[in-house]
Amino acid sequence: MSWHREIWRGVKQGFSIEQDNPLLLKAQYKAFSTQLPLMYFILLVNSWILSSTHIDSAPHWLTLDYPAILTVVCFIRFIFWLRSRNRDPTDETARQTLKRTSLIAAPIALSFTVWAILLFPYGNAYQQSHVAFYMGITVIGCIFCLMHLRSAALITTAVVNTSFVIFFASTGKPTFIATSLNVAMVSATMLIILHIYYRDFKHLIDAQAQAEALSNENFHLANMDSLTMLPNRRKFFTELKACCTQAANKGSRFVLGILDLDGFKPVNDLYGHSIGDKLLFTAGKRIQQLCDEHTHLARLGGDEFALIITRPGNNEALLAFGNRVCNSLRQPFTIAGNSIHISASIGLATYPDMASNATELFEHADYALYHGKRNNRSKVTLFSASHRNLIQQEASIEQALRKADFEQELEVYFQPIINLETGKTAAFEALARWHSPILGPVSPAQFIPIAERTGIINKQTRILLGKALATAAKWPADIRLSFNLSVHDLSSRSIVERLVSLIKQANFDPQRLDMEITETAIIRDLDQAKWATEKLRKLGCGISLDDFGTGYSSLNQLHALSLTKIKIDRSFVTGIEQNLASLKIVKSLLALSRDMGLDCIIEGVETQAELQVIREIGGIMVQGYFYSSPIPETAIPSWLADRPALLSQ
Ligand code: C2E
Ligand code: CA
Ligand code: CA
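Residues numbered from 1 in each chain as written. Chains lettered and ligands numbered in written order. Predicted model: local features only at pLDDT ≥ 70, side-chain atom pairs only at ≥ 80, totals over all residues. Heavy atoms only, no water.

**Q** Describe the coordination of the calcium ion (ligand 3), with residues and values.
**A** Distances from the calcium ion (ligand 3) to its protein donors, Asp546 (OD), Asp547 (OD), Glu603 (OE) and Glu603 (OE), fall within 2.3 to 2.4 Å. Summarised as a motif, the one-chain spacing of the donors to the calcium ion (ligand 3) is D-D-x55-E. Separating the calcium ion (ligand 3) and the calcium ion (ligand 2) is a distance of 3.8 Å, and Asp546 donates to both of them. Of this pair, Asp547 sits in strand E13 (residues 542–548) while Glu603 sits in the loop between strand E15 (599–602) and helix H22 (608–616); the two residues are 56 residues apart in sequence, bridging distant segments of the chain. Of the residues examined, Glu603 reaches a relative accessible area of 11% and is grouped as buried. (Donors = N, O, S within 2.8 Å, 3.2 Å for Na, K, Ca; no water. Helix = DSSP H or I, 4+ residues; strand = E, 2+ residues; numbered from the N terminus. Buried < 20%, exposed > 50% of the residue type's maximum accessible area, 1.4 Å probe, protein only.)

Below you can see the structure in the form of structure tokens.
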């Protein structure tokens, strides 16, 4: 019947250890190991005390030899236990040891019980009572000590107390029958308490295990990027620090790579975030496929990934690996039916040759990445000694910028923009010039990015705009002013509003002013860029898109802005007469601007040959060294006066 089976199953379970619960076994092992010495102490001391009360009445083999043998056995067992004791046992050790303890419990309990029963006939009533007391009390002590190991406690109780009850009840003496009843009662109670205690102990261990599992899971989640399933930024930095320590100890070398996707932001804007997310996931997978077991990939956030390469090989191998990664990301991605093209740039820095700690290494890899991007030369840039010099140079520029008195030190130069149809100067582009008392003249290509990074740019822009407007106010009314705004000048409403009020206060018609902005400003925050350009348009200013053709913007995005001009980057103009690709690009950009109803300025015209081609393909507005490099304010009147002579060239 089923209840039979249930009971039998319960009994079997009680008498055996729980093999399939390793955590419980370990906890039992630990709890029990501190109590085992106590148990043997109680057992042996009580036994020798009983032996001493029988020394004169019982034979020596019973009072001395038998307990001596038991003592030796217990000692051997105890020593064995001590030697195999382990503070942090493996699952298997805990299981084996507890199983052994349960197995040994029966013979030990039986040996002591048999001994006590054998002693019983040799004494008077007092001594016999001592035997009964010894058995009853010792077993209680032992059960207490075996509390955490239910099987051993049950075996001991079963062996000793069953023998006790049967033996003393069968003496026929009322006192002993009563005692056996007492012991039976206590045994039953002890069993119940043991059961409850053990159950609670088990629950406690299970709860601990659950809490540990939960905290492990949290730990895992806290270290994983849920979008790409790669290690996240936090995990990456922990690993990076560990790698530095390890490399420092071993004297080994490793490489940190930072990878940034180019053209990801427009994908996000154009197709939506869910496609952007899928793109990141797939990009992560592609990179991962190229990594071996010595190359660890993580996602730092946004479209930035990091690589820790612990067996980097030489620089050529490293660059080859970087190029493989970039090439794989250049292959089109097919997501939800869209074929999406992006690319990637990588900055690499080696430890310890190029950095002495994790922070520096990260900074240097990051520097290599952005320096590479800025110069548009190669997609993989390895941080080198020349970069280190540049960093030092930039640091001194930053120092000088912070101390600079811009009203004094900044000057505005003007480069004419020529209308090829009229042959007249249509406008001047204002270009910043900084003469630092510490460093001498510093190129804007150098100091503007630093001013942007350090947040100094907004103040600079206001001073430059003030100066440019004041100069332009003196020009003939048909000449426009073109002024460069940085991304940061458009980044917040209050900054834009300050510029607007500056323009309003100036003695210059905003209708004659063009603001040059770059694609970066638009990409960074389309809504903000839209707001800012509309604000400036309302004032009457024109908006020119500078360096057009170098970025990734889609036509749609540009259309969303109220642009009035585009400026074709000089990289397409240099050598245009020999470069068919450049010619095609400039031609199509001219057509595009015409279709969009925008004026088009072609920058960087340096030679007669270039100018010739531009004329042929219908370029109207040009700017470049061929006509003039940027000139100071004082040179403008004579430039304007000499202009007709220049045209005839
Ligand atoms: P940009 O806005 O593209 O300015 C044109 C740059 O090309 C100027 O360099 C100009 O001198 C140079 N350039 C003009 N014609 C030619 C040519 O025929 N050949 C060559 N090789 N170069 C030519 P510049 O003045 O050194 O300025 C560099 C960059 O610094 C500017 O590029 C602009 O991004 C930034 N910048 C300059 N002034 C300002 C400013 O006042 N505000 C902001 N935000 N940026 C400025
Ligand atoms: Ca410009
Ligand atoms: Ca430009």
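Read on, since the account is not over.
**Q** With reference to specific residues and values, describe the coordination of the calcium ion (ligand 2).
**A** The coordination sphere of the calcium ion (ligand 2) contains the protein donors Glu429 (OE), Asn484 (OD1), Glu516 (OE) and Asp546 (OD), at a distance range of 2.1 to 2.3 Å. Coordination of the calcium ion (ligand 2) draws on donor residues from a single chain, spaced E-x54-N-x31-E-x29-D in sequence. On the basis of relative accessibility, which here comes to 24%, the residue Asn484 falls in the partly exposed class. Take Glu516: its relative accessible area is 1%, and that puts it in the buried class.

**Q** I'd like a description of the site of ligand 1, backed by residues and values.
**A** Close to ligand 1 lie 21 residues, the nearest being Gln415, Ala432, Arg433, Glu606 and Tyr625. At 2.5 Å, a side-chain N or O of Glu606 approaches a nitrogen atom of ligand 1. Interatomic distance of 2.8 Å between a backbone N/O atom of Tyr625 and an oxygen atom of ligand 1. Isolated, ligand 1 exposes 790 Å² of accessible area, and the fraction of that covered by the protein chains is 83%. (Near = heavy atom within 4 Å. Polar contact = N/O pair within 3.5 Å; in protein donor to acceptor, adjacent residues only side chain to side chain. Areas by Shrake-Rupley, 256 points an atom, 1.4 Å probe, with all protein chains shown as cover.)

**Q** Can you lay out the domain arrangement of the protein for me, pointing to particular residues and giving the numbers?
**A** Frequently, the measure chosen for interface size is the accessible area that the parts lose on association. Parsing the protein into structural domains produces domain 1 (2–216), domain 2 (233–383) and domain 3 (397–648). Put simply, the middle of domain 1 and the middle of domain 2, counted by C-alpha atoms, are 64 Å apart. (Domains from an automatic or database assignment.)

**Q** So what's going on with the environment of Ile503? Residues and values would help.
**A** Mapping Ile503 onto the fold places it in helix H17 (residues 493–505). Ile503 gets classed as buried once you look at its relative accessible area, which sits at 1%.

**Q** Can you break down the packing of helix H2 (residues 22–53) against helix H5 (residues 125–145) residue by residue, with the values?
**A** At their nearest, the axes of H2 and H5 sit 9 Å apart, and the two run at 175° to each other. Relative to H5, the element H2 is oriented roughly antiparallel. Contacts from Phe32, Gln35, Leu38, Met39, Ile42, Leu43, Asn46, Ser47, Ile49, Leu50 and Thr53 of H2 reach H5 at Gln127, His130, Val131, Tyr134, Ile137, Thr138, Gly141, Cys142, Phe144 and Cys145. Here the contact of H2 with H5 is built from residues that sort into 13 nonpolar, 8 polar and no charged. (Axes fitted to C-alpha atoms, helices over the stretch in contact; angles between N-to-C directions. Parallel < 35°, antiparallel > 145°, perpendicular 65-115°, else oblique. Contact = heavy atoms within 4.5 Å. Nonpolar A, V, L, I, M, F, W, Y, C, P; charged D, E, K, R; others polar.)

**Q** With reference to specific residues and values, describe the pattern of salt bridges.
**A** A side chain of one charge can pair with a side chain of the opposite charge if their charged atoms are brought near each other. Under the counting rule described, the total for this entry stands at 15 salt bridges. For the salt bridge of Asp260 with Lys373, the shortest nitrogen-to-oxygen distance reads 2.5 Å. Here Asp260, found in strand E1 (residues 254–262), pairs with Lys373, found in helix H12 (residues 358–375); they are 113 residues apart in sequence, far enough to count as distant. Judged by relative accessible area, Asp260 falls into the buried class, the value being 7%. With relative accessibility at 25%, the residue Lys373 sits in the partly exposed group. Look at the salt bridges and you will find they share partners, linking Asp260, Asp262, Lys373 and Lys379 into a network. (Salt bridge = Lys/Arg side-chain N within 4 Å of Asp/Glu carboxyl O.)

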